[in-house]
Amino acid sequence: MFSGLTNGAIYAVIAIGFSMLFSATELINFAHGEFVMLGALGLVTLWGELHLPLLLAIVMTVGGVAMAGLLFERIAIRTVSKPHPIVLVIITVGASIFLRGAAMIIWGKDARSVPPFSDHPPLDLAGAKLLPQSIWILVIAVLLAVGLFYFYRKTLTGKAMQATAINKRGAWLSGIPSEKMVLLAFVMSTGLGATAGVIIAPITMCGYDMGTLLGLKGFCAAMLGGIGSLWGSLAGGFLLGLLEALGVGYISSAAKDAVAFVLLLLILYIKPGGLFGAADASRF
């Protein structure tokens, strides 16, 4: 159960990044997993190897990856003359391959790791051990979800992003700079991906190819909960993590990665909108 909640929190953060971008642009960014990878390797470099203070390393990593997302939107997405959805999806797949290759050149093929954020002893609950890093992951995931909910509900910029998601042309006619809102969505989405990479770095081996599977599982979680829904993505991530853990515990460890894709197929056949999907951007 603890393992499932930990993995589920990571999937939830990745899924929220998918949903946020889809809600604002109707684009599925299949390079999102590579931004997760950049977040993990950035922390390995800044904190694990250069020994910067942890908080500074996290801020620099997330900020740097978010700026990479800004460049991605400016250079690869906005310059497309005919932004058909299939064309944009192919561009994101190409960006995924490019980022994976660039990471292999920069960091090499060897996997790396960093220590946990704190060295407290594990908590013993009902005979099971809850690692301190798992607590960090759960707390950060919940705080991110609550913070985003507040951002969308209480801030003018958040409401402008919702208006852009509902009707881009209508928002522009109302005086909302819709292109800036789309750019902000890219920056926040890739920043969330980097955050997921940062919190997962202490509990996994970080390498140039780690983002592919994480991105696919985050996408499965977003589809499971209802892509475009903040709380749906959060619930989908936790549900996927728990079902994976139960599959490992009661069936076989070989079933861990298969669970996500079986769930994706089932949800596409039975309820394509996801378990908690809604009709428009007001779902935030």
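Residues numbered from 1 in each chain as written. Predicted model: local features only at pLDDT ≥ 70, side-chain atom pairs only at ≥ 80, totals over all residues. Heavy atoms only, no water.

Enquirer: Sorry, what's going on with the overall build of the protein here?
Expert: Within the protein, the regular secondary structure consists of 11 helices and 2 strands. Reading the protein from its N end, one meets helices and strands in the order α-α-α-α-β-β-α-α-α-α-α-α-α. Relative to a compact globule of 284 residues, whose C-alpha radius of gyration would be 19 Å, the protein shows 18 Å and is just as compact. Its C-alpha atoms give the protein principal-axis dimensions of about 60 × 45 × 35 Å. Counting over 284 residues, the protein shows a buried share of 49%. Surface exposure of the protein reaches about 13,500 Å², of which carbon and sulfur atoms provide 71%. (Helix = DSSP H or I, 4+ residues; strand = E, 2+ residues; numbered from the N terminus. Rg over C-alpha atoms; globule rule 2.2 N^0.38 Å. Buried < 20%, exposed > 50% of the residue type's maximum accessible area, 1.4 Å probe, protein only. Areas by Shrake-Rupley, 256 points an atom, 1.4 Å probe, with all protein chains shown as cover.)

Enquirer: It is not clear to me how a nonpolar patch on the surface should be interpreted in this structure. Could you clarify?
Expert: Residues L239, L243, L246, Y250, I251, L275 and F276 make up a contiguous nonpolar surface patch of roughly 710 Å² in combined accessible area. Examined against the element boundaries, L243 turns out to sit in helix α10 (residues 230-250). Judged by its relative accessible area of 30%, L243 is partly exposed. (Patch = residues over 30% accessible without salt bridge, like charges linked within 9 Å, V, L, I, M, F, W, Y side chains within 5 Å. Salt bridge = Lys/Arg side-chain N within 4 Å of Asp/Glu carboxyl O.)

Enquirer: Looking at this structure, I do not really get unusual backbone geometry. What am I missing?
Expert: Excluding glycine, most residues fall at negative phi; most peptide bonds, likewise, are trans. One non-glycine residue, H51, lies in positive phi territory at about 60°. With respect to the helices and strands, H51 occurs in the loop between α2 (32-49) and α3 (54-77).

Enquirer: What exactly am I supposed to notice about the side chain of S233 here?
Expert: In this fold, S233 is placed in helix α10. A relative accessible area of 0% places S233 in the buried class. Here S19 takes part through its side chain, which lies 2.4 Å from a polar atom of the side chain of S233. Of note is the side chain of S233, whose polar atom sits 2.8 Å from the backbone oxygen of S229. Every residue in contact with S233, bar those within four places of it in the chain, is listed here: A12, A15, I16, S19, A222 and G226. (Polar contact = N/O pair within 3.5 Å; in protein donor to acceptor, adjacent residues only side chain to side chain. Contact = heavy atoms within 4.5 Å.)

Enquirer: Explanation requested: the pattern of salt bridges in the structure shown.
Expert: When the charged atoms of two side chains lie near each other, side chains of opposite charge can form a pair. The final tally for this structure, using the stated rule, is 6 salt bridges. Measuring nitrogen to oxygen at the nearest pair gives 3.2 Å for the salt bridge that ties E73 to R78. Classification of E73 by relative accessible area gives buried; the value is 3%. Ionic pairing is found between D124 and K129, a salt bridge with its closest N-O pair at 3.5 Å. With relative accessibility at 49%, the residue D124 sits in the partly exposed group. If you follow the salt bridges from partner to partner, you end up with E73, R78 and E179 in one network.

Enquirer: Got a minute to help me understand the packing of helix α1 (residues 2-25) against helix α9 (residues 211-225) in this structure?
Expert: Packed helices, taken two at a time, are described by the angle between their axes plus the distance between the axes. Remark: α1 packs on α9, axes separated minimally by 8 Å, with the N-to-C direction vectors making an angle of 70°. In terms of orientation, α1 and α9 fall into the roughly perpendicular class. Each of Y11, I14, A15, F18 and S19 in α1 lies in contact with α9, whose residues at this interface are L214, G215, K217, G218, F219, A221 and A222. A per-class count over the contact of α1 with α9 returns 8 nonpolar, 3 polar and 1 charged. (Axes fitted to C-alpha atoms, helices over the stretch in contact; angles between N-to-C directions. Parallel < 35°, antiparallel > 145°, perpendicular 65-115°, else oblique. Nonpolar A, V, L, I, M, F, W, Y, C, P; charged D, E, K, R; others polar.)

Enquirer: What exactly am I supposed to notice about the nonpolar core here?
Expert: Membership of the largest hydrophobic core comes to 79 residues, with the highest contact counts inside it found for L43 and L240. The greatest single-element share of this core, amounting to 12 residues, is contributed by α1. Setting aside chain neighbours within four positions, we find L43 in contact with G48, L54, A57, I58, T61, V114, F117, V198 and A201. (Core = buried A, V, L, I, M, F, W, Y, C linked by side-chain atoms within 4.5 Å.)

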